[in-house]
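Structure at a glance
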Amino acid sequence: MKPQPRFTLAATTLDAPNPHELAQFYQGMLGWPVRKEEPGWVEIAAPDGSAGLSFQTEPLFTRPQWPSTRSEQQMMMHLDIEVDDLSAAVEHALALGATVADCQPQADVRVLFDPAGHPFYLFARTDPSA
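Now for a description of the structure that goes with this document. (Residues numbered from 1 in each chain as written. Predicted model: local features only at pLDDT ≥ 70, side-chain atom pairs only at ≥ 80, totals over all residues. Heavy atoms only, no water.)

Along strand S5 (residues 79-82), the buried face is formed by Leu 79 and Ile 81; none of Asp 80 and Glu 82, which line the opposite face, is buried. Taken together, the 4 bridges between S5 and strand S8 (residues 119-123) define a ladder with parallel strand orientation. For Ile 81, the partnering residue across the bridge sits in S8 and is Leu 122. (Buried < 20%, exposed > 50% of the residue type's maximum accessible area, 1.4 Å probe, protein only. Helix = DSSP H or I, 4+ residues; strand = E, 2+ residues; numbered from the N terminus. Pairing = 2+ DSSP bridges.)

For helix H2 (residues 86-96), the set of buried residues is Leu 86, Ala 89, Val 90 and Ala 93. Seen end-on, H2 carries its buried residues on one side only, within an arc spanning 100°. Every exposed residue of H2 that faces more than 90 degrees away from the buried side is listed here: Glu 91 and Ala 95. Each element contacted by the buried residues of H2 is listed here: helix H1 (19-30), strand S6 (99-100), strand S7 (109-113) and S8. Two residues or fewer after H2 comes Gly 97, characterised by a positive phi angle close to 120°. (Arc of directions from axis to C-beta. Contact = heavy atoms within 4.5 Å.)

Let us now look at the environment of Glu 21. Mapped onto the elements, Glu 21 comes out in helix H1. Separated by 94 residues in the primary sequence, Glu 21 and Pro 115 place their C-alpha atoms 8.4 Å from one another.

Helix length check: H1, at 12 residues, gives a terminal C-alpha distance of 16 Å against a target of 16 Å (1.5 Å per residue), a fit within 8%. Taken residue by residue, H1 has Pro 19, Leu 22, Ala 23, Phe 25, Tyr 26 and Met 29 as its buried positions. When H1 is viewed along its axis, its buried side chains cluster within an angular range of 155° and face the same direction. Residues of H1 that are exposed and angled more than 90 degrees away from the buried face: Glu 21 and Gln 24. Buried residues along H1 sit against strand S1 (11-16), strand S3 (41-44), strand S4 (52-57), S5, H2 and S8. Capping the start of H1, Asn 18 holds a side-chain oxygen 3.1 Å from the backbone nitrogen of His 20, two or three residues further along. Looking at the residues trailing H1, positive phi occurs at Gly 31, about 75°. (Expected span 1.5 Å × (residues − 1). Polar contact = N/O pair within 3.5 Å; in protein donor to acceptor, adjacent residues only side chain to side chain.)

Taken as a whole and judged by the stated rule, the model has 3 salt bridges. Arg 35 serves as the salt-bridge partner of Glu 43, at 3.5 Å between the closest nitrogen and oxygen. Overall, Glu 43 belongs to the buried group, its relative accessible area being 15%. (Salt bridge = Lys/Arg side-chain N within 4 Å of Asp/Glu carboxyl O.)

Here it is, written out as structure tokens:
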């Protein structure tokens, strides 16, 4: 039996009408530097070199609908971002251009939309052993 090849998640890629603007939003929120930038493509990553976020141009991009409906583009994924102060993190994200979703299904999580409309969740870990 052949040994399994090594797999390493390098990045999660988000489509956007303007990947450079969306990368700037996440840079401002996460504080990550640009790893690579070219026309239609930007990669940002944590300074420790772990998996990052990439952004690519999608000219036919349609903002996802969250919560989902049968007749609109559904959310295919979302980012979970841990923060140390939930209310301060929401204020910071809003100042960068995020918007708060109308639907907030959990008291200890905030659902927001980035400037392109991708949903992301902010949460503060309440169980330090988790």
